[in-house]
Amino acid sequence: MAEPFDAVDIIRTKRDGGSVSEPALRWLIDAYTREYVQDAQMSAFTMAVLLNGMTRDEIRVMTDAMIASGERMSFAGLGKRTADKHSTGGVGDKITLPLAPLVASYGVAVPQLSGRGLGHTGGTLDKLESIPGWRAALSNEEMFAQMQGPVGAVICAAGSGLAPADKRLYALRDVTGTVEAIPLIASSIMSKKIAEGTESLVLDVKFGSGAFMKDYAKAKELAETMVALGADSGVNTTALLTDMSTPLGLTAGNANEVRESVEVLAGGGPADVVELTVALAREMLQMSGIDADPAEALKDGRAMDTWRAMIRAQDGDPDAALPTPKETHVVTAERDGVMTRLDAYDVGIAAWRLGAGRARAQDPVVHAAGIDLHAKPGDAVKKGEPLFTLNADDPARFDRALEALSGSYEIGESAPEATPIVRERIASA
Ligand code: URA
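All values reported here derive from a predicted model rather than from experimental measurement. (Residues numbered from 1 in each chain as written. Predicted model: local features only at pLDDT ≥ 70, side-chain atom pairs only at ≥ 80, totals over all residues. Heavy atoms only, no water.)

1. Quick look at the sheet that holds strand β5 (residues 236-243)
To keep it simple, the criterion reads: Note on pairing: DSSP must find at least two bridges between two strands before they are called paired. Helix and strand labels come from DSSP, where a helix needs a run of H or I of at least four residues and a strand needs a run of E of at least two; each type is numbered from the N terminus. For helices, the fitted line uses only the C-alpha atoms of the stretch in contact; every axis is such a line through C-alpha atoms, and the angle between N-to-C directions lies from 0 to 180 degrees. We call two residues in contact when some of their heavy atoms are within 4.5 Å.
Overall, mixed pairing links the four strands, which are arranged β1-β4-β5-β13 in an open sheet. In the strand order of this sheet, the two ends are held by β1 (83-87) and β13 (422-427), each with one partner. Across the sheet, the mean angle separating the axes of adjacent strands is 20° when strand polarity is ignored. The sheet contact formed by β5 and β13 spans five bridges and is antiparallel. Directly across from A239, in β13, lies its bridge partner I426. Along the sheet, helix α10 (residues 216-232) contacts β4 (200-207), β5 and β13; its crossing angle with β5, the most-contacted strand, is approximately 165°.

What follows is the structure, given as structure tokens:
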């Protein structure tokens, strides 16, 4: 059968600043998924989008076409409200680990499909795989049963059936300098979240050096675009714009981030991790019709009970010892003073070079590798006291990690002005 459109015409339209009609855009995504439209053509199209943008209607159609490229999950028969969170990714961002069981402890089911790390940002599945026995791959039936039963929360890998168009497109954007286009990021993230079938969604959109969108105005535009897409698709969506200029918490890595998450679940942990976990949980509960202070379930052990059950349900042992590094290297303060700056991106790169992250999708991560921070901006430090502990299995990795860290922090005379983690909330109009 003859194809109804020609990719070259669509590319020319976008190249010249026009908008692509709904049938043409739907065809383009479908034809690319079935490999009729070639990578070379799609890369020209994505570059034209990066340069000329898309209308809100085009973004909606593109998202919808990517959802239609694969399966759409439904939790309608679950008998529970469902709520999920998506973070645009950052350094030390372990929030999903305490958040999913915390929200589930209020009876709201959490279908948290997560990914692995690439580059300087970590991946939730890599972190959880530091727990001996824990299994990321669940069938749809296992996922449904875990959400319906007393556990209520699932953190697992997304199956290959969800938005396959996005998988091809994302890999192409990665190698053609077209990742940073807001319409493409928004449609990529939201197609997967809408296909996943959650009723409500909170987006943690990061800005600052460790974020994907470093610029505040751009991060806000991304948040507004995604909230509008959620509303168009009937998913109750809000976004929090949160600061990623310094790492979250005191750990960046895998096993050390699990340890810190367990501290939060035990009612302790660093204040910034607790604050963001509670803020996101409150959004998820509110959208599910529950008016509660989620900090209570961290304090009284309910969230911890759900965490332990969730790890066990996926064959992990919540009591097993986590991997520890073979080698450590401590960086100490060169003078007395106050830490005035600690750059999230540099810390992320250093943790990655220690083995916590991967350079290629197929590489393994070293679960014990990463960085423990002993000071954050605003903390007083004394000459000779530890600032960072670097963890690795191979001491040859320390030099390049230290290189990344060398300009990452400053020690000055007085504490910088404290800024809130959550800068703004975006809800649909
Ligand atoms: N995460 C995604 O899933 N897609 C993007 O385009 C960027 C980040």
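2. Examining the environment of E385
Structurally, E385 can be placed in the loop between β10 (380-381) and β11 (386-392). Taking the C-alpha atoms as reference, E385 lies 9.8 Å from A375; in sequence the two are ten residues apart. With near-sequence residues (within four places) excluded, E385 lies in contact with V331, T332 and A333.

3. A word on unusual backbone geometry
Glycine aside, negative phi is the norm for most residues, and most peptide bonds take the trans geometry. Test applied: Here the term buried applies to any residue with accessible area under 20% of the maximum for its type, exposed to any over 50%, and partly exposed to those in between, with areas from a 1.4 Å probe on protein chains only.
Residue E35 is not a glycine yet carries a positive backbone phi of 65°. Among the secondary structure elements, E35 is positioned in the loop between α2 (22-33) and α3 (39-52). Exposure remark for E35: the relative accessible area of 58% places this residue in the exposed category. Non-glycine residue D315 carries a positive phi angle of around 70°. In this fold, D315 is placed in the loop between α14 (302-313) and β7 (327-332).

4. Thoughts on the domain arrangement of the protein chain
Short version of the rule: Boundaries between domains were set according to an automatic or database domain assignment. Buried area: the accessible area, evaluated with a 1.4 Å probe, that two parts lose upon being put together, summed over both parts. Counted as salt bridges are all cases of a side-chain nitrogen of Lys or Arg within 4 Å of a carboxyl oxygen of Asp or Glu. The definition of a polar contact used here is a pair of N or O atoms within 3.5 Å, where within protein one atom must be able to donate a hydrogen and the other to accept one, and adjacent residues in sequence count solely through side-chain atom pairs.
The domains assigned to the protein chain are domain 1 (80-162 + 196-320) and domain 2 (327-412). One C-alpha centre belongs to domain 1, the other to domain 2, and the line joining them spans 25 Å. Every contact between the two is made by 26 residues of domain 1 and, on the other side, 26 residues of domain 2. When domain 1 packs against domain 2, close to 1,800 Å² is buried across both sides, 55% of that on carbon and sulfur atoms. Ionic pairing is found between R358 and D126, a salt bridge with its closest N-O pair at 2.8 Å. In this assembly, domain 1 and domain 2 are joined by 16 residue pairs in polar contact (both at pLDDT 80 or more).

5. A few points about the site of the ligand
To keep things clear, this is the line we draw: The criterion for a residue being near a molecule or strand is simple. One of its heavy atoms has to lie within 4 Å of it. For this classification, the nonpolar set comprises Ala, Val, Leu, Ile, Met, Phe, Trp, Tyr, Cys and Pro, the charged set comprises Asp, Glu, Lys and Arg, and every other residue, Gly included, is treated as polar.
Residues in contact with the ligand, as listed here, are Y170, R173, I185, S188, I189, K192 and F212. For the ligand, an oxygen atom lies 2.9 Å from a polar atom in the side chain of R173. K192 is positioned such that a nitrogen or oxygen atom in its side chain is 2.4 Å from an oxygen atom of the ligand. Secondary structure elements with two or more residues in the shell around the ligand: α8 (164-174) and α9 (182-196). A per-element tally of the shell around the ligand places α9 first, with four residues. Grouping the constituent residues of the shell around the ligand by class yields four nonpolar, one polar and two charged.

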